[in-house]
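# A structural walkthrough
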Amino acid sequence: MEQVRIDKWLWAARFFKTRSLAAKEVGAGHVAVNGARVKPARMVRAGDLLTIRQGFLETSVCIQTVSEQRGPAVVARTLYEETEESRVKREQMLAERKALQLHTEQPDRRPDKHERRQIRQFLKKE
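How each quantity is defined
- Residues numbered from 1 in each chain as written.
- Predicted model: local features only at pLDDT ≥ 70, side-chain atom pairs only at ≥ 80, totals over all residues.
- Heavy atoms only, no water.
- Helix = DSSP H or I, 4+ residues; strand = E, 2+ residues; numbered from the N terminus.
- Buried < 20%, exposed > 50% of the residue type's maximum accessible area, 1.4 Å probe, protein only.
- Contact = heavy atoms within 4.5 Å.
- Salt bridge = Lys/Arg side-chain N within 4 Å of Asp/Glu carboxyl O.
- Phe/Tyr/Trp six-rings, centres within 6.5 Å; stacked < 30°, edge-to-face > 60°.

### Description of the side chain of Thr59
Here Thr59 is to be found in strand E6 (residues 57-63). Using a relative accessible area of 9% as the deciding quantity, one classes Thr59 as buried. Setting aside residues no more than four positions away along its own chain, Thr59 makes contact with Leu50, Thr51, Ile52, Glu82 and Ser86.

Below, the structure is given as structure tokens:
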């Protein structure tokens, strides 16, 4: 097998939990092959460069091997190699998000019924 559909490959490489979710994300334009937006039926092969956007993270990977079968995570990681630039950018982004979370104060408890009503009334006024 030299080529495989991109949605099948993304599912097999464990970027998405289901193949239909992979197809949906590809169709929405969150995945690019060699810099171009593609459709879920696009065939990919070893050597193609993928850019995958998942939430706030953007990952660039080079396909090493193609596969239609989803296997263990250890095997899935052998299907691709993340670019060094992408790895550095991802680690930096995660560190920034973690730093932001440390600076936000978490409440000691959840609001009770009376406080929730006050919050809803406050939000309605705006």
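The structure having been displayed, the exposition proceeds.
### Let's talk about the pattern of salt bridges
Under the definition given, this model contains six salt bridges. Through salt bridges that share partners, Arg5, Asp7 and Arg19 make up one connected network.

### Some points on the packing of aromatic side chains
Evaluation of the coordinates by the stated rule reveals three aromatic pairs. With centroids separated by 6.2 Å and ring planes inclined at 75°, the aromatic side chains of Trp9 and Tyr80 adopt a geometry described as edge-to-face. On the criterion of sequence distance, the pair formed by Trp9 in helix H1 (residues 6-12) and Tyr80 in strand E7 (residues 80-82) is long-range, its members being 71 residues apart. Three or more aromatic residues joined by ring pairs make a cluster, and in this case those are Trp9, Phe15 and Tyr80.

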